[in-house]
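Single-letter residue listing:
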Amino acid sequence: MLKPTRRHLMTATALVAATTAAVAVTTTAGAFDGKDRARSAIRGGKAKNVILLIGDGMGDSEITLARDYTVGADGRLNMDRFPLTGAYTTYSVHADGTPDYVTDSAASGTGWATGVKTVNGRISKTPGTDKPVRTILELAQRNGYATGSVTTAELTDATPAVLASHATDRSCQGPADMAKCPKDTIAAGGPGSIAEQFVNHKVDVLFGGGRRRFDQQVTDGRYKGLTVTEQARRLGYQVVTDDASMKAAKAGKPVLGLFATGNVPVEWTGEVAAVGGTDPQRCVTSNPDRPSGTPSLADSAAEAIRLLAAKQRRAHSHKGFFLQIEGASIDKRDHAADPCGQIGETAAFDRAVKVARAYAAQHPDTLVVTTADHGHTSQIVPLGANPPGLSSTLVTNEGQQLKVNYSTDTPGRSQEHTGTEVRIAAQGPQAYRVLGVTNQTDLFTTMREALHLR
Ligand SMILES: [Zn+2]
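What counts as what
- Sequence order as written defines residue numbering, which begins from 1 separately in each chain.
- Reporting in this predicted model follows two pLDDT cut-offs: at least 70 for local features of residues, and 80 or more for side-chain atom pairs to be given and counted; totals over whole chains, interfaces and linings ignore these cut-offs and use all residues.
- Here the side-chain values reflect all heavy atoms present in the structure, with hydrogen atoms and water set aside.
- Here the nonpolar core consists of buried residues drawn from Ala, Val, Leu, Ile, Met, Phe, Trp, Tyr and Cys, with membership extended through side-chain atoms lying within 4.5 Å.
- Three labels apply to residues, based on accessible area from a 1.4 Å probe with only protein chains included: buried if under 20% of the type maximum, exposed if over 50%, partly exposed otherwise in between.
- Throughout, a residue-residue contact means that at least one pair of heavy atoms, one from each residue, lies within 4.5 Å.
- By disulfide we mean two sulfur atoms from cysteines, separated by a distance within 2.5 Å.
- By definition, any uninterrupted DSSP run of H or I lasting at least four residues is a helix, any uninterrupted run of E lasting at least two residues is a strand, and each is numbered from the N terminus.
- Each patch is assembled from residues with relative accessible area greater than 30% and no salt bridge, linking like charges that lie within 9 Å and nonpolar side chains (Val, Leu, Ile, Met, Phe, Trp, Tyr) that lie within 5 Å.
- The Shrake-Rupley method, run with a 1.4 Å probe sphere, supplies the accessible areas, and residue values consider only the shown protein chains as cover.
- Any Lys or Arg side-chain nitrogen found within 4 Å of a carboxyl oxygen on Asp or Glu counts as a salt bridge.
- Donor selection uses N, O and S atoms within 2.8 Å of the metal (3.2 Å for Na, K and Ca). Since no water is included, sites may look incomplete.
- Under the classification used here, a metal with four donors is tetrahedral if each angle lies between 85 and 135 degrees, square planar if opposite donors are over 155 degrees apart and the others between 65 and 115, a six-donor metal meeting that same test is octahedral, and anything else is irregular.
- In this description, strands pair whenever DSSP reports at least two bridges between them.
- To get an axis, a line is fitted to the C-alpha atoms, and for a helix only the part in contact is used. The angle between two axes follows their N-to-C directions and goes from 0 to 180 degrees.
- Within 3.5 Å is the distance limit for a polar contact, defined as a pair of N or O atoms, with the added protein rule that one can donate a hydrogen and the other accept it, and that residues adjacent in sequence qualify only through two side-chain atoms.
- By this rule the span expected of a helix is its residue count minus one, scaled by 1.5 Å.
- Helix crossings get a hand from a simple test, with the near helix turned counterclockwise from the far one by less than a right angle marking a left-handed crossing and a clockwise turn marking a right-handed one.
- Gly falls in the polar group here, along with every residue not listed as nonpolar (Ala, Val, Leu, Ile, Met, Phe, Trp, Tyr, Cys, Pro) or charged (Asp, Glu, Lys, Arg).

Caption draft 1: Focus on the nonpolar core. With 110 residues, the main nonpolar core has Leu53, Phe207, Leu256, Phe321, Phe322, Ile325 and Leu394 as its most contacted residues. Those residues in contact with Leu256, other than ones at most four positions away along the chain, are Leu155, Val199, Leu206, Phe214, Ala232, Tyr237, Gln238, Val239 and Val240.

Caption draft 2: Inspection of the state of the cysteines at higher detail. This structure, assessed with the given rule, holds two disulfides. Covalent S-S linkage joins Cys172 and Cys181, the inter-sulfur distance amounting to 1.9 Å. One quick way to see it: the torsion about the S-S bond of Cys172 and Cys181 is about 95°, and its sign makes the bridge right-handed. Here Cys172 falls in the buried class, since its relative accessible area comes to 1%. When its relative accessible area of 0% is taken as the criterion, Cys181 is described as buried. The disulfide bridge from Cys283 ends at Cys340, spanning 2.1 Å between sulfur atoms. When the S-S torsion is -80°, as for the bridge of Cys283 with Cys340, the disulfide is left-handed. Placement of the pair is Cys283 in the loop between β9 (274-275) and α11 (297-314) and Cys340 in helix α13 (residues 339-362), with a sequence separation of 57 residues. There is no split in this pair, since Cys283 and Cys340 are both buried.

Caption draft 3: Just a nonpolar patch on the surface, in detail. Among the surface-exposed residues, Ile42, Tyr432 and Leu435 lie close enough to one another that they form a single nonpolar patch of about 230 Å² accessible area. Inspection of the secondary structure assignment puts Tyr432 in the loop between β15 (422-427) and β16 (437-439).

Caption draft 4: Geometry of the coordination of the zinc ion. Those protein atoms acting as donors to the zinc ion are Asp331 (OD), Asp331 (OD), His335 (NE2) and His417 (NE2), and they sit at 2.1 to 2.5 Å. One way to put it: the four donor atoms around the zinc ion meet at angles of 56 to 151°, and that makes the site irregular. Coordination of the zinc ion draws on donor residues from a single chain, spaced D-x3-H-x81-H in sequence. Of this pair, His335 sits in helix α12 (residues 329-335) while His417 sits in the loop between β14 (401-406) and β15, and the two are 82 residues apart along the sequence. The pair His335 / His417 is uniform in exposure class, with both members buried.

Caption draft 5: Local environment of the sheet that holds strand β1 (residues 49-55). Taken together, 10 strands build an open sheet; the order of strands is β7-β8-β6-β5-β10-β1-β11-β15-β2-β16 and the sheet is mixed. Taken across any chain shown, the strands that pair with only one partner, and hence form the sheet edges, are β7 (238-240) and β16. In this sheet, adjacent strand axes meet at a mean angle of 20° when their direction is disregarded. Across four bridges, the pairing between strand β5 (residues 146-154) and strand β6 (residues 205-209) is parallel. For Gly148, the partnering residue across the bridge sits in β6 and is Val205. The strands touched by helix α14 (residues 442-451) within the sheet are β1, β2 (84-89), β10 (321-327), β11 (366-372), β15 and β16, with β1 carrying the most contacts at an inclination of about 160°.

Caption draft 6: Looking closely at the pairing of β5. With nine of nine residues buried, β5 lies mostly within the body of the structure. In this structure, β5 lies alongside β10, joined through six bridges in parallel fashion. Bridge pairing in β10 links Ser149 to Gln324.

Caption draft 7: Quick peek at the sheet that holds β9. Pairing in this open sheet of four strands is antiparallel, and the strands run β9-β13-β14-β12 from one edge to the other. Each having just a single partner strand, β9 and β12 (379-381) make up the two edges of the open sheet. Here β12 pairs with β14 via three bridges, running antiparallel. Looking at β14, one finds that Val381 is bridged to Lys403. The sheet contacts of helix α3 (residues 60-70) involve β12, β13 (390-395) and β14, and relative to β12 the element is tilted by about 55°.

Caption draft 8: The arrangement of the side chain of Asp204 in detail. Looking at the secondary structure, you find Asp204 in the loop between α7 (194-200) and β6. One polar contact links Asp204 to Lys311, side chain to side chain, over a distance of 2.9 Å. For Asp204, the residues in contact, after removing those within four places along its chain, are Ala146, Thr147, Pro254, Val255, Leu308 and Lys311.

Caption draft 9: Examining the pattern of salt bridges more closely. Overall, the coordinates contain 21 salt bridges when judged by the stated rule. With a shortest N-O distance of 3.5 Å, Asp130 and Lys125 are connected by a salt bridge. The buried category is assigned to Asp130, whose relative accessible area is 9%. A salt bridge links Asp243 to Lys247; its shortest N-O distance comes to 3.1 Å. Note that Asp243 and Lys247 are positioned in helix α10 (residues 243-247) at a spacing of four residues, about one turn of the helix.

Caption draft 10: Structural context of α11. The end-to-end C-alpha distance of α11 is 26 Å, a good match for the 26 Å that 18 residues give at a rise of 1.5 Å each. Count one or two residues on from α11 and you reach His316, which has phi positive near 55°.

Caption draft 11: Quick look at the packing of helix α4 (residues 105-114) against α14. Contact geometry for α4 and α14: axes closest at 6 Å, N-to-C directions at 35°. The element α4 and its partner α14 pack so that their crossing is right-handed. Between α4 and α14, the contacting residues are Gly111, Trp112, Ala113 and Thr114 on the first element and Leu443, Phe444 and Met447 on the second. Here the contact of α4 with α14 is built from residues that sort into five nonpolar, two polar and no charged.

Have a look at this one:
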């Protein structure tokens, strides 16, 4: 490495002085001294806003794969740039409270949304007794914060669902999907499907896919005969369906953005992994099945932040907002052993991380947390390896070959989640709470303490 010139040194010094979070200093080639950065990043106090970014199924392997492919082995993603990083355990529980070592998205989301571990498939209800537990979003709302949820999955899918609904089973997404939740139906005196609960909660910003759930007809109660979308309009929602109408939404009235009938189509395409491997491939950084006008996760995130902050400004509230942003299809393409789909979604998620960090740079009283709900199947293996299961060889942006393998289940079946701990990284008030090895349920406490929720 070249010796830094005097001018470089002065620039670095000026930068350190100009920002509260001092820039990282490279002392010698390859060595990294993050002491000053870590020290200035560790602070308590109260946060005005919390932005929680969830890469669904984004274990260390998935992060590394996206880094290697896009910015190179020595490059850094936006999510790699947080000053404070730890790991957390993700296990769920059986009905009797004993550990279930591999979680699904419903149980893991319930963990950080409520601070309580539950059984796989359950949405913010207890494992044995199936009782609703108050969520971080409900607490934030009750304490006067604006709230939002942005996802690339159906809005009623497990990770967004845990914030503002309580269901015996994650499949109970719309009024016609209630077979596994007899206690939760409106006819039985319950709160109804996940879609109905979301709009009844009047979450300020809801952006994602899943229009088909909201097109279903409500079967009982006050809104009987209406679709959930019509119910949302009655409750004061603006309904938007693409990038242009999303950007035209007015602050101060809740917004329901339904950008796809099912999951929002992924950004990248390529050959899926195969038994014995694929020919070396470059990913296609577009998807013919993704309609133009479909907002990117980064654009949805930026718009959600704008609407939530504007709502609070108009209300002259000194309180800010709670926003969850999910990159959902990292998980879904991992299940499908589709490396290009998976990497493209990780890269899209990383651009949303950049949006959140840019907002926090302007508003340092924002706690930003980036983590995953569970690990997943993809593994980077040596080029000479001949692993069982499905493999693909990719040619990365730095021109090198990389082999990825999927073998957590037999070829032809959905590849599976893993029980590994995952990364959690943060900046802002209370961010130090992610350091070390924590439990997924500790994230609930971190966010609750940051916003001083009672
Ligand atoms: Zn999954």
